[in-house]
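Observations on chain architecture
Okay, here's what each chain looks like letter by letter:
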Amino acid sequence: MSEILVLVEHVDGEVKKVTLELLTLARSLGTPAAVWAGPGITGDAKARLAEYGAEKIYVAGSEEIVGYVVAPKAELLAQLVAAKSPAAVLVAATAEGKEIAGRLAVKTDSGVITDAVGLGEGFVADQSIFGGGVNVQSKVRKGTPIVAVRPNSTAPEAAAGAGAEEEVSVSLSDGAKAAKIVERVKQEKGARPELTEAAIVVSGGRGVGSAENFSVIEGLADSLGAAVGASRAATDAGWYPHQFQVGQTGKTVSPQLYIAAGISGAIQHRAGMQTAKTIVAINKDPEAPIFELADYGVVGDLHQVVPQLTEEVDKRK
Amino acid sequence: MNIVVCVKQVPDTATERKLRSDDKTLDRDAVDGVVNELDEYAVEEALKLKEAHGGEVTVLSMGPGRATETIRKALAMGADKAVHLSDEALHGSDALSTSYAMAQVLKKIGFDLVILGSESTDARTGVLPAMLAERLGAPQLTLVNKVDVDGSSISVQRLTDYGFDKVEATLPAIVSVVEKINEPRYPSFKGIMAAKKKPVETLAIADAEIAADQVGLGAAWSEVVDFAAAPPRAAGTIVKDEGDGGAKAADFLAAKKFI
């Protein structure tokens, strides 16, 4: 079977969950080969990639690859596409993942599909568009299919691969070194999982009422091991930082469980969360459109309901 | 500074958006067109940079004839002139074709800075700014919430999963902006009147040396195989909180094995 390149998402030497999902997906369509861009690969990371089916691990460990915005990673992948003729390239559909996919598509004269929520035979991808209103199947018809797959699209399953390491040296063009990263600023988000990757997301909206009251949302998130999100109304009001905004002009999440508290469910918000597998809504207004999406809804004051839910979750753990 | 700001007319997200059954492209006739929301932030940033550094702001839009409404809005906000790439042959272009066509126009009109919204609310691919950077060999300064220009140097803050990166480059460059970088101004009455007199140059593909076989539905690198309206979600259970709403929700989570 043909090789399928999977670009590894990693942070502080650790492989992110979405990469294990992509390897699982790649296994059903070909032979997964992981591509590690940048320094800092560890024995543990290699073991993890092999555990989830990577037959090969291409390691481009030069510092230069992560020293500039996006372009070096696209050059690395383009070089591997030329050398290995893979059947497809899979990346995570994060903001940066999609940008890498876009540049790679131009470089290799290949089609690109973004925000796939499923991928089947012939690399036909499932997408959910127009705020979740329309389901689309699409495929690439020129070049090597490049597909950006949303986190939480597949459940990761272990199945050992050989994990044979191969070093890759990339000679970056000057063009790839045009946008230099001079400083990385890490903003504290505590021990919570990352919003776009989290299996569970708890979001608060206008009904939360104030910045202080977001502690209620955070409390439930922490008892569930979830990430915290916010609606645009809440971030516009300055109650929660903008980078946690879920919606059309913010992040798109596709978790196993999404809990919306005090969120009415306008299209602006729905476009960012409608592909969640299970949706729970808590809102005072029984007419709120969010209840149309909810698998389970509680009509009530979130300031009563959410703390009680948190307490019950803690009790039953 | 010669700033080009790219704007796109998109269907109003408050209306129901559909694909056409014949060629599986967006049905633009069935809905009201509005300026892509993030593009308003791009226009505002362009105007602020012009106010601080001088120069000229040119609006660039690719789209059918009615996209002029969107162009006029950007002009009413304060942009100086516009280029409208409009040609039947462009209908159905995917991101690769669109980036190619726009890159051809940008090469023709020249730029120090190109500013775009980071994605459109219709296709939401978010790949166009990166593709333009690749095609034009210009630094990619995308997903930014802060831009500083000093002579020919530009520094930005690029949002990342962990916070942000500080990035430096030399002009000419491609910038895409996120919401919250600024607060877009409303066009004034005077601005709206002035916009009617500002020059809008309409280009067909041949005018920008865009090869016909590289654009449009026929050239697309990817295709929609099939589509259908998403089935409505099965009606959920809705309960009224009578002092036990949290506990009941916990029962549901337990039944679904989340706890």
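Worth saying up front: this structure is predicted, and the values here are computed from it rather than measured.

Remarks on the interface of chain A and chain B
Often, the extent of an interface is quoted as the loss of accessible area on bringing the components together. At the junction of the two partners, chain A supplies 74 residues and chain B supplies 66 residues. For the side of chain A that touches chain B, the residue count by class is 34 nonpolar, 24 polar and 16 charged.

Overview of the domain arrangement of chain A
The domain architecture assigned to chain A consists of domain 1 (3-177) and domain 2 (200-316). When grouped by side-chain class, the residues that make up the side of domain 1 of chain A that touches domain 2 of chain A number 2 nonpolar, 5 polar and 1 charged.

Here's the deal with the UniProt feature "domain: Electron transfer flavoprotein alpha/beta-subunit N-terminal" (unreviewed entry) in chain B
Residues annotated in UniProt with the feature "domain: Electron transfer flavoprotein alpha/beta-subunit N-terminal" (unreviewed entry) correspond here to residues 23-212 of chain B. A helix fraction of 31% and a strand fraction of 29% characterise residues 23-212 of chain B, whose end C-alpha atoms lie 18 Å from each other.

Points about helix α5 (residues 214-224) of chain A
Residues lying three or four places apart along an α-helix face the same way, a consequence of the helix completing one turn every 3.6 residues. Residues and elements named next belong to chain A. Among all positions in α5, only Val216, Ile217, Leu220, Ala221 and Leu224 are buried. Down the axis of α5, the buried side of the element spans an arc of 135 degrees, and every buried residue falls inside it. Tucked inside the fold, the buried residues of α5 contact β14 (200-204), β15 (227-230), β16 (257-261) and α9 (302-316).

Quick notes on the environment of Ala87 of chain A
Residues and elements named next belong to chain A. Among the structural elements, Ala87 can be located in the loop between α3 (71-84) and β6 (88-92). A C-alpha to C-alpha distance of 9.0 Å links Ala87 and Leu29, two positions 58 residues apart in sequence. Residue contacts for Ala87: discarding those within four places in its chain leaves Ser2, Glu3, Ile4 and Gly30.

Observations concerning helix α3 (residues 95-109) of chain B
Between the first and last C-alpha of α3 of chain B there are 21 Å, a value that for 15 residues agrees with the 21 Å anticipated at 1.5 Å per step. Within α3 of chain B, 11 of the 15 residues are buried, leaving the element largely enclosed by the surrounding structure.

Cut-offs applied
- Residues numbered from 1 in each chain as written.
- Chains lettered and ligands numbered in written order.
- Predicted model: local features only at pLDDT ≥ 70, side-chain atom pairs only at ≥ 80, totals over all residues.
- Contact = placed C-beta atoms within 7 Å.
- Nonpolar A, V, L, I, M, F, W, Y, C, P; charged D, E, K, R; others polar.
- Domains from an automatic or database assignment.
- UniProt positions renumbered as here; feature names shortened; annotations may be inferred.
- Helix = DSSP H or I, 4+ residues; strand = E, 2+ residues; numbered from the N terminus.
- Buried ≥ 20, exposed ≤ 12 C-beta atoms within 10 Å, placed from the backbone.
- Arc of directions from axis to C-beta.
- Expected span 1.5 Å × (residues − 1).

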